[in-house]
Amino acid sequence: MNTHQNKAVEFEDLGIKEYQPAWEYQEKLMKDIIDTKIKNRDLPAEQHSITQNHLLLVEHPHVYTLGKSGHEENMLAGIDQLKKLEATYVKTNRGGDITYHGYGQIVGYPVLDLENFFTDIHLYMRNLEEVIIRTIGDYGLKGERSQGETGVWLDVGKPYARKICAMGVKASRWVTLHGFALNVNTDMRYFEYIIPCGIKDKQVTSLQRELERELTPEEMEDIKAKIRKHFADVFQAELIYK
């Protein structure tokens, strides 16, 4: 157990960044945290170094990512179609099935040492959902959880239930990787080439679709600010700007 809990979270907006280098950057941050934890193991408690926490926000160019428990048959587009879509396809080490990332979607990657907060992955996922539920609530949308289906949904239990935010994470030694993808001005046509999250009978949606208007660049920044605020509140963390 971490005897020196550090609730500070360093925030970084990566802007637009390809999926692979963003993933590699997360892996580096995770490795640094784990290396600190391993060193701490051999030291008396009073000599332990604190472990760092990070929250990255990013937009990716068109990419389909398949989680380690995912099924390749949920990728409906072939290589030639991917080229036409100017999209890449990456097998990743997060949980969950296939999803799409692209322009107009806000992707969040918390790289946290959960020993600084709580050691409970289930609670971690519910907290991530809560951050997004509060964020879209600021725009008059009632986000909900769907039993057995991670992420944030609208109109759960109705025939037109739809997912607005996908989630998939990995944790090693209580350090988290990957995170959430909130559809804002996302081009929803890209979801037609996959079975999103492997769930056949449910739709996906975006803030743009629900509000029936495109959100401005200023509003995109405002959504990021709301995510930061709600993240700090839900995790009882202090965000520090890099």
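Bear in mind the structure is a predicted one, so any value in this text is a computation, not a measurement.

Draft legend 1. Spotlight on the overall build of the protein chain. Summing up its helical and strand segments, the protein chain has five helices and twelve strands in all. In terms of overall dimensions, the protein chain has a C-alpha envelope of 55 × 40 × 35 Å along the principal axes. Long-range contacts, defined here as pairs at least 24 residues apart, represent 75% of the contacts in the protein chain between residues at least 6 apart. Accessible surface, the protein chain: about 11,500 Å² in total, of which carbon and sulfur atoms supply 50%.

Draft legend 2. Structural detail: the packing of aromatic side chains. Enumeration according to the criterion identifies nine aromatic pairs in this entry. On the basis of an interplanar angle of 80 degrees and a centroid distance of 6.1 Å, the ring pair of phenylalanine 117 and phenylalanine 235 is categorised as edge-to-face. Of this pair, phenylalanine 117 sits in the loop between strand S6 (105–111) and helix H3 (121–137) while phenylalanine 235 sits in helix H5 (residues 217–235), placing them 118 residues apart in sequence. A relative accessible area of 11% places phenylalanine 117 in the buried class. An aromatic cluster is defined as three or more aromatic residues linked by ring pairs; in this entry it consists of Phe117, Phe118, Tyr124, Phe231 and Phe235. The side chain of arginine 228 reaches across the aromatic face of phenylalanine 11, ending 4.8 Å from its centre.

Draft legend 3. Here's a closer look at the sheet that holds strand S5 (residues 98–101). Here we have three strands laid out as an open sheet, ordered S4-S3-S5, and mixed in their pairing. Since the sheet does not close on itself, it has two edges, and those belong to strand S4 (88–91) and S5, each with one partner. Pairwise comparison of adjacent strand axes, ignoring direction, gives a mean angle of 20 degrees for this sheet. Across four bridges, the pairing between strand S3 (residues 63–66) and S5 is antiparallel.

Draft legend 4. Layout of the pattern of salt bridges. Applying the stated criterion across every chain yields a total of 20 salt bridges. Measuring nitrogen to oxygen at the nearest pair gives 3.8 Å for the salt bridge that ties glutamate 12 to lysine 242. Here the residue glutamate 12 occupies a position in strand S1 (residues 8–16), and lysine 242 occupies one in the segment after strand S12 (238–241), the gap between them amounting to 230 residues. Residue classification places glutamate 12 among the buried residues on the basis of a relative accessible area of 15%. In this structure lysine 242 comes out as exposed when scored by relative accessible area, which is 62%. The closest approach of N and O atoms between glutamate 130 and arginine 134, which form a salt bridge, is 3.0 Å. With glutamate 130 and arginine 134 both in helix H3 and four residues apart, the pair spans about one turn of that helix. Relative accessible area serves as the criterion here: at 21%, glutamate 130 is assigned to the partly exposed category.

Draft legend 5. Structural detail: helix H1 (residues 19–41). For H1, spanning 23 residues, the distance from its first C-alpha to its last is 33 Å, which sits close to the expected 33 Å at 1.5 Å a residue. Of all the positions in H1, only Tyr19, Ala22, Trp23, Tyr25, Gln26, Leu29, Met30, Ile33, Ile34, Lys37 and Asn40 are classed as buried.

Draft legend 6. Highlighting the side chain of threonine 205. Tracing the backbone shows threonine 205 in the loop between strand S11 (203–204) and helix H4 (207–211). When its relative accessible area of 0% is taken as the criterion, threonine 205 is described as buried. Ignoring any residue separated from it by four or fewer positions in sequence, one finds threonine 205 in contact with Leu154, Arg162, Lys163, Ile164, Asn183, Met188 and Glu210.

Draft legend 7. A look at H3. Here H3 is 17 residues long and its end C-alpha atoms lie 24 Å apart, about the 24 Å a rise of 1.5 Å per residue gives. Listed as buried for H3 are Tyr124, Met125, Asn127, Leu128, Glu129, Val131, Ile132, Ile133, Thr135 and Ile136.

Rules and cut-offs
- Residues numbered from 1 in each chain as written.
- Predicted model: local features only at pLDDT ≥ 70, side-chain atom pairs only at ≥ 80, totals over all residues.
- Heavy atoms only, no water.
- Helix = DSSP H or I, 4+ residues; strand = E, 2+ residues; numbered from the N terminus.
- Contact = heavy atoms within 4.5 Å.
- Areas by Shrake-Rupley, 256 points an atom, 1.4 Å probe, with all protein chains shown as cover.
- Phe/Tyr/Trp six-rings, centres within 6.5 Å; stacked < 30°, edge-to-face > 60°.
- Buried < 20%, exposed > 50% of the residue type's maximum accessible area, 1.4 Å probe, protein only.
- Lys NZ or Arg CZ within 6 Å of the ring centre and 35° of its normal.
- Pairing = 2+ DSSP bridges.
- Axes fitted to C-alpha atoms, helices over the stretch in contact; angles between N-to-C directions.
- Salt bridge = Lys/Arg side-chain N within 4 Å of Asp/Glu carboxyl O.
- Expected span 1.5 Å × (residues − 1).

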